[in-house]
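Read off the chains here:
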Amino acid sequence: MIGSLHTAGSAALVDRIGPISPDALGAWLIEKHWGDYVAIMARDAPGSGKRLHAVRAPSGGLHAFRTQRDGLLFIASHVELLHGLGITRTTIDWHFVAEHLAFSHLHARRTGIAGIEEILPGEEAIDTATGSMSRPLWSPWNFTAAARRIDDFGLAAARVHGAILLSVAAHVAPEAHVALELSGGLDSSVVAAALSAAGRTAVAVNLATPGSEGDERLYARAVSASTGIPLIEIVTEGEIDLTHVVPRIEARTGMLAMLRLADRAFADVGREQGVTAFVNGTGGDCVFCSLGTSAPAADRLRTYGPGLGFIRTIADIARVHDSNIWTVARLSFRAARRSRPSPVWPRNRQFLADEGLPDQPPPHHWLDEPPHTPGGARAHVHAILASYAHLDGYGRHAVAPSLFPLLAQPVVEACLTVPSWLWVAGGRDRAVARAAFSPALPAMVAERRTKGAMDAFCARIFEVNRARLKPFLLDGLIADRGLLDRDAIEAYLARPFAKRDQTFYHLLPVIDAELWARALIAASP
């Protein structure tokens, strides 16, 4: 057992596993425990020699990359370990790159390094001398099912509250000293409240960008005052070279290049403070079902039919999005009639060479939803899955690891049992999480309806990089593989940057993929 293992409903660590058969290991771990672990067990299999079972926790905090060489199977938490031992070569899998560009934010089993695949969160891999197979052990759809649905708002808030307190207490040991990335928004503020309730030692760090839209220090100060966690404020000033390659071996693209200044600032604080880990609210929007659509009303209509509850949810959504009830009602009826969308995962086309991209997303068992799944539940699950694409590749991990308590198994399971319409109850986005922690947070944060933005900052960085991006992309590795629409990119980079133009956001994933590919080659001998 590698990593951390807790008994279900407890923050206490399990340090011993009793006798159990390999065939029962996976289900026993998933149903009776939680944590960030990879469990490996071998036994003799009649006629096929050794049989190896490898189980990865649903939370996915600890990776499990696997490859074979000379008849031996290797499993590692980091691909650079496999490379450093001479087990693998860092050959780019261009089929992965095409899938990654076409279906962004979808991490499937394939990685960007040829010959290396990943055991997915909540999955078991079984290997013998004659072959290998994978099977899912944990599915989000088990918790969106009607039998597990919590329709009572108070009960839902209490369960989410308990799950988050449990997760934070387990992730951050009493002797740890962590840096909390406190934006001033609801998600990181909830983590701050949970850290305070658990009595953990932490320092909060708030980063502000020049300009009012990226300055949330007022909210961070209020959270610091209410929780007693000291606050460090940093204004991130400077330039970011979006074409600067840092040699690094990563399985996939990770941290966005736009976040380099922030990443460097957190790393500096981590060194100065001697922290044992960075903690943040990553995934909060996704886990707390912040959808931005009429799906909650459509879900309630399909579940209970037209009635006062449906009308109330229409009004709630209209208030959340500053819309009118007639527009929301019309969209809700339309969504309620719609079956499963096609494609299952959105396919990107802008700035890409369409003929070089796959038509279907890579297989992932989270996409195998039951029949008649409500649209809001589907969007909730897909959002959580997409959040896993933003956990790796941060330079600050050389200082200390990052912890993601809101993506822990108990929290995700608790939130999935809450139907989509309760998340907008009272006309408040993420209403259940707000209610769960409003007694511990300042009202200005718990009831906040606005959200900080970085549009102006990102636009300025992009404009500064415009000239150097042209040769970087058009003469780059991805362009050489025929995956880019070179004409579209060249035309966009040549035209003057319009105010409020957000088209550049579609180009950022291409930039990050090119950086990843060049970094991989630069780090290889």
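Residues numbered from 1 in each chain as written. Predicted model: local features only at pLDDT ≥ 70, side-chain atom pairs only at ≥ 80, totals over all residues. Heavy atoms only, no water.

**Quick word on the overall build of the chain**
Regarding its fold elements, the chain presents 20 helices and 13 strands. In summary, the chain has a C-alpha radius of gyration of 23 Å against a globular reference of 24 Å for 525 residues, a match within 12%. With respect to the three principal axes, the spread of C-alpha positions in the chain is 65 × 65 × 55 Å. Looking at the chain, you have 52 positive and 53 negative side-chain charges, and the mean spots of the two groups are 4 Å apart. (Helix = DSSP H or I, 4+ residues; strand = E, 2+ residues; numbered from the N terminus. Rg over C-alpha atoms; globule rule 2.2 N^0.38 Å. Lys, Arg positive; Asp, Glu negative; His and termini not counted. Charge placed at Lys NZ, Arg CZ, Asp CG, Glu CD.)

**Description of the sheet that holds strand β9 (residues 177-181)**
The strand order across the open sheet formed by five strands is β11-β10-β9-β12-β13, and the pairing between neighbours is parallel. Whereas interior strands pair on both sides, the edge strands pair on one side only; in this sheet they are β11 (231-235) and β13 (402-403). Strand direction decides the pairing type here: strand β12 (residues 277-279) and β13, joined by two bridges, are parallel. Its bridge partner lying in β13, Phe-278 is registered against Ser-402. Here helix α6 (residues 186-198) sits on the sheet and contacts β9, β10 (201-208) and β12; the angle it forms with β9, its principal contact strand, is near 155°. (Pairing = 2+ DSSP bridges. Contact = heavy atoms within 4.5 Å. Axes fitted to C-alpha atoms, helices over the stretch in contact; angles between N-to-C directions.)

**Digging into the pattern of salt bridges**
Using the criterion set out here, one finds 33 salt bridges in the structure. A salt bridge links Asp-70 to Arg-69, with the nearest nitrogen and oxygen atoms 3.7 Å apart. By relative accessible area, which is 39% here, Arg-69 ends up partly exposed. (Salt bridge = Lys/Arg side-chain N within 4 Å of Asp/Glu carboxyl O. Buried < 20%, exposed > 50% of the residue type's maximum accessible area, 1.4 Å probe, protein only.)

**Section: helix α13 (residues 375-387)**
Between its first and last C-alpha, α13 extends 18 Å over 13 residues, near the 18 Å set by a 1.5 Å rise per residue. Along α13, 10 of the 13 residues are buried, which leaves the element largely enclosed by surrounding structure. Listed in full, the buried residues belonging to α13 are Gly-376, Ala-377, Arg-378, His-380, Val-381, His-382, Ile-384, Leu-385, Ala-386 and Ser-387. The inward-facing, buried residues of α13 abut α4 (141-144), α9 (284-287), α10 (295-304) and α14 (409-416). (Expected span 1.5 Å × (residues − 1).)

**Some thoughts on a positive patch on the surface**
A cluster of like positive charges, contributed by Arg-330, Arg-334, Arg-337 and Arg-338, occupies part of the molecular surface. Looking at the secondary structure, you find Arg-334 in helix α12 (residues 325-337). Looking at Arg-334, the relative accessible area reads 41%, which means it is partly exposed. (Patch = residues over 30% accessible without salt bridge, like charges linked within 9 Å, V, L, I, M, F, W, Y side chains within 5 Å. Areas by Shrake-Rupley, 256 points an atom, 1.4 Å probe, with all protein chains shown as cover.)

**With respect to the sheet that holds strand β6 (residues 117-118)**
Spatially, three strands are ordered β5-β4-β6 in an open sheet, and the strand pairing comes out antiparallel. Of all strands in the sheet, those bounded by a partner on one side alone are β5 (72-76) and β6. Bridge count between strand β4 (residues 65-69) and β6: two bridges; the pairing is antiparallel. Paired with Arg-66 across the bridge in β6 is Glu-117.

**Some details on the side chain of His-382**
Positionally, His-382 belongs in helix α13. When its relative accessible area of 11% is taken as the criterion, His-382 is described as buried. Not counting residues within four places of it along the chain, the set of residues in contact with His-382 comprises Val-344, Trp-345, Leu-367 and Glu-369.

**Details of the packing of aromatic side chains**
For the structure on display, the rule yields 13 aromatic pairs. Ring centres of Trp-366 and Tyr-388 lie 6.0 Å apart, and the angle between their planes is 85°; on these two criteria the pair is classed as edge-to-face. Note that Trp-366 is positioned in the loop between α12 and α13 and Tyr-388 in the loop between α13 and β13, a separation of 22 residues in sequence. For the pair Trp-366 and Tyr-388, one class covers both residues: buried. Each member of the aromatic cluster is reached from another via a ring pair, and the members are Phe-351, Phe-462, Tyr-492, Phe-497, Phe-504 and Tyr-505. Across the ring face of Tyr-219, the terminal group of Arg-448 is positioned such that the distance to the ring centre comes to 3.7 Å. (Phe/Tyr/Trp six-rings, centres within 6.5 Å; stacked < 30°, edge-to-face > 60°. Lys NZ or Arg CZ within 6 Å of the ring centre and 35° of its normal.)

**Some details on the environment of Gly-185**
In this fold, Gly-185 is placed in the loop between β9 and α6. In this structure Gly-185 comes out as buried when scored by relative accessible area, which is 15%. Each C-alpha atom, one on Gly-185 and one on Arg-449, is 9.8 Å from the other, the two residues being 264 residues apart in sequence. In contact with Gly-185, not counting residues within four places along its chain, are Glu-216, Val-445 and Arg-448.

**Points about the nonpolar core**
Nonpolar side chains in soluble globular proteins tend to be buried together. Core analysis: the biggest nonpolar cluster contains 122 residues, and Val-97, Ile-164, Leu-195, Trp-423, Phe-462, Leu-507 and Ile-511 have the highest contact counts within it. The next biggest cluster of nonpolar side chains, apart from the first, holds 13 residues, and it includes Ala-297, Leu-301, Phe-310 and Ala-329. (Core = buried A, V, L, I, M, F, W, Y, C linked by side-chain atoms within 4.5 Å.)

**Here's the deal with the packing of helix α17 (residues 455-474) against helix α19 (residues 486-494)**
At a minimum axis distance of 10 Å, the contact between α17 and α19 shows a crossing angle of 155°. Classified by the interaxial angle, the pair formed by α17 and α19 is roughly antiparallel. Between α17 and α19 lies a crossing whose hand is left-handed. Listed contacts from α19 to Phe-462, Arg-466, Leu-469, Lys-470, Leu-473 and Leu-474 of α17 are Arg-486, Ile-489, Glu-490, Tyr-492, Leu-493 and Ala-494. (Parallel < 35°, antiparallel > 145°, perpendicular 65-115°, else oblique. Left-handed = near helix turned anticlockwise from the far one by under 90°.)

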